[in-house]
Amino acid sequence: TTITTTVAFALFAGVLSLFALWFVWYLLRLPYNAWQRYAQKQAKGRLKNGLTAYYEGRYGRAQKLLVKASEDKHVRDLALLGARQAAIAQEDWVSAAKFLEQLNISNPSLAASNNARALLKQGKAQQALEVILTRPSSEWSPVARGIAIEAAIALNQFDLANNWMNAKDHGLSLKQQENLNSLYQAHYLQNASSAD
């Protein structure tokens, strides 16, 4: 059998075939896409409910919901951070350490700044500074930079604190800068070797 056709018809048939293949692929992926959207909606709902429970003081429920929400990669970091805070509020140090470890895999900079903040609140400035310094300063968020500066001031490392405060593109807000400058000046005056 011999079939003859025109170039235009052959091109049209090729385009039609490609469209048909794309349409079949689209139909096959519909259930998967629907499931993904449903899972994301569920994760966002758990995140919202978990954070609400945390701020209401229901830490056990918050931790449970936030752990479940952390299974979705789109909200993982925030959910793990919230779950860690809920574990700390319950003094469940083992779970808090586990969540920090998971957060460190997902977002090392956020994990470092969160851990350093907790250490600084406990008066462990040296450990807080060591934790912050595990990440390069180029990755620091304004919060992480503020923690590093505060830890350096507490350790009387004024030159280091000054360098970080005056670094180009530091990202600190005016309020942060004012607070850190006040802390720097007060601590520097307390530790001055002479009245001059």
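Our structure is the block above this text.
Kindly report on the pattern of salt bridges, identifying the contributing residues and their values.
All chains considered together, the criterion is met by 3 salt bridges. The residue R58 makes a salt bridge to E56 at a minimum N-O spacing of 2.2 Å. The exposure class of R58 is partly exposed, given its relative accessible area of 41%. Among the ionic pairs, R135 bridges to E139, the shortest N-O distance being 2.8 Å.

Could you give me a rundown of the nonpolar core, with the residues and numbers involved?
Nonpolar side chains in soluble globular proteins tend to end up buried together. Counting 24 residues, the largest nonpolar core has I132, I149 and W164 as the members making the most contacts within it. Of all the secondary-structure elements, those providing two or more residues to this core are α5 (108-121), α6 (125-132), α7 (142-154), α8 (158-165) and α9 (174-190). With 7 residues, the single largest contributor to this core is α7. With residues near it in sequence (within four places) discarded, W164 still touches L129, L133, W140, R145, A148, I149, A152 and H170.

Please provide a residue-by-residue account of helix α4 (residues 93-106), values included.
An ideal rise of 1.5 Å per residue puts 20 Å on 14 residues; α4 measures up with 20 Å between its terminal C-alpha atoms. Among all positions in α4, only S95, A96, F99, L100 and L103 are buried. For α4, the buried positions fall inside an angular range of 140 degrees around the axis, keeping them on one side. Counted as exposed and oriented over 90 degrees from the buried face of α4: V94, E101 and I105. Contact partners of the buried residues in α4: α2 (59-69), α3 (76-89) and α5.

Tell me about the packing of α7 against α9, and please be specific about residues and values.
Between α7 and α9, the least distance of the axes is 10 Å, while the angle of their chain directions is 5 degrees. Considering their axes alone, α7 and α9 lie roughly parallel with respect to each other. Every residue of α9 that contacts α7 at P142, V143, G146, I149, E150, I153 and A154 is listed here: Q176, L180, L183, Y184 and H187. Looking at the contact of α7 with α9 residue by residue, the class counts come to 8 nonpolar, 3 polar and 1 charged.

Each value, and the rule that gives it
- Residues numbered from 1 in each chain as written.
- Predicted model: local features only at pLDDT ≥ 70, side-chain atom pairs only at ≥ 80, totals over all residues.
- Heavy atoms only, no water.
- Salt bridge = Lys/Arg side-chain N within 4 Å of Asp/Glu carboxyl O.
- Buried < 20%, exposed > 50% of the residue type's maximum accessible area, 1.4 Å probe, protein only.
- Core = buried A, V, L, I, M, F, W, Y, C linked by side-chain atoms within 4.5 Å.
- Helix = DSSP H or I, 4+ residues; strand = E, 2+ residues; numbered from the N terminus.
- Contact = heavy atoms within 4.5 Å.
- Expected span 1.5 Å × (residues − 1).
- Arc of directions from axis to C-beta.
- Axes fitted to C-alpha atoms, helices over the stretch in contact; angles between N-to-C directions.
- Parallel < 35°, antiparallel > 145°, perpendicular 65-115°, else oblique.
- Nonpolar A, V, L, I, M, F, W, Y, C, P; charged D, E, K, R; others polar.

Any link to function would need more than the numbers given here.
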